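# Descriptive structure summary
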Amino acid sequence: MANQKLDSLIAEACAAAGVTLVEQDMFRAGKRKTLRLYIDKPEGVSIDDCTTVSHFLSDALDLDPEIIEGAYTLEVSSPGLDRPLKSDADFIRNKGRFIRVTRPAGKPVVGQLIDVDEKNLTLALKGSKAEEIIPREEVLVAKVDVQI
């Protein structure tokens, strides 16, 4: 029951800040529990976004101490640019961005992610008008390619 309450509070906090929850993790660090949240939104996450989620969630958890028993640390941050894209949500959230895809054979492919489904990624190749369809089962690692 406490997990459902926590998930509900996290969803409310993210909605209040206008962000999407990318990942959550709860683990023990010494005597304290740590709840780590990664949030994102299309235009990127600001410190204010992290603060909004953190304050909303902290205030709600203070009202019901049984949700997380004992001492805990709450960490809220963006997932970072070098975090691998894994889930459907990761790819959908990054449509329109340039990504770098590493496969078992050949050089990594860099292109703008223009479409994604459960089987394939479609990239508009960088420096070309060509598109390439990459089967997701061939993807070893996919990351946002930072454009400088």
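Here's what I pulled together on the structure shown here.

Reading guide: rules and limits
Residues numbered from 1 in each chain as written. Predicted model: local features only at pLDDT ≥ 70, side-chain atom pairs only at ≥ 80, totals over all residues. Heavy atoms only, no water. Pairing = 2+ DSSP bridges. Helix = DSSP H or I, 4+ residues; strand = E, 2+ residues; numbered from the N terminus. Axes fitted to C-alpha atoms, helices over the stretch in contact; angles between N-to-C directions. Salt bridge = Lys/Arg side-chain N within 4 Å of Asp/Glu carboxyl O. Buried < 20%, exposed > 50% of the residue type's maximum accessible area, 1.4 Å probe, protein only. Expected span 1.5 Å × (residues − 1). Arc of directions from axis to C-beta. Polar contact = N/O pair within 3.5 Å; in protein donor to acceptor, adjacent residues only side chain to side chain.

## Focus: the sheet that holds strand β5 (residues 109-116)
Hydrogen bonding along the main chain pairs the strands of a sheet, whether they run parallel or antiparallel. Taken in spatial order, the five strands line up as β7-β6-β5-β4-β8 in an open sheet, and their pairing is antiparallel. The open sheet terminates on both sides in strands that have one partner only, identified here as β7 (131-135) and β8 (141-144). Adjacent strand axes in the sheet meet at a mean angle of 45 degrees, parallel and antiparallel pairs treated alike.

## Concerning the pattern of salt bridges
What the rule picks out here adds up to 13 salt bridges. Notably, a salt bridge pairs arginine 136 with aspartate 88, separated by 2.7 Å at the nearest N-O pair. Residue arginine 136 is found in the loop between β7 and β8, and its partner aspartate 88 is found in helix α3 (residues 88-93); the two are separated by 48 residues along the sequence. By relative accessible area, which is 39% here, aspartate 88 ends up partly exposed. Salt-bridge contacts for aspartate 115 lead to lysine 95; the nearest nitrogen and oxygen are separated by 3.8 Å. Here aspartate 115, found in strand β5, pairs with lysine 95, found in the loop between α3 and β4 (98-102); they are 20 residues apart in sequence, far enough to count as distant. Salt bridges linked by common partners bring Glu23, Asp40, Arg83, Asp90 and Arg93 together as one network.

## A word on the sheet that holds strand β1 (residues 20-29)
Spatially, three strands are ordered β1-β2-β3 in an open sheet, and the strand pairing comes out mixed. Looking along the sheet, the strands with just one partner apiece sit at the ends: β1 and β3 (72-77). Across the sheet, the mean angle separating the axes of adjacent strands is 15 degrees when strand polarity is ignored. One ladder, built from nine bridges, connects β1 with strand β2 (residues 32-40); its direction is antiparallel. Bridge pairing in β2 places arginine 28 opposite lysine 33.

## Quick look at helix α2 (residues 47-63)
For α2, with 17 residues, the first-to-last C-alpha span of 24 Å sits near the 24 Å given by 1.5 Å per residue. The complete set of buried residues in α2 reads Asp49, Cys50, Val53, Leu57, Ser58, Ala60 and Leu61. Taken end-on, α2 shows its buried residues confined to a sector of 170 degrees, consistent with a single buried face. Of the exposed residues in α2, those oriented more than 90 degrees away from the buried face are Ile47, Asp48, Asp62 and Leu63. Capping the start of α2, serine 46 holds a side-chain oxygen 3.3 Å from the backbone nitrogen of aspartate 48, two or three residues further along.

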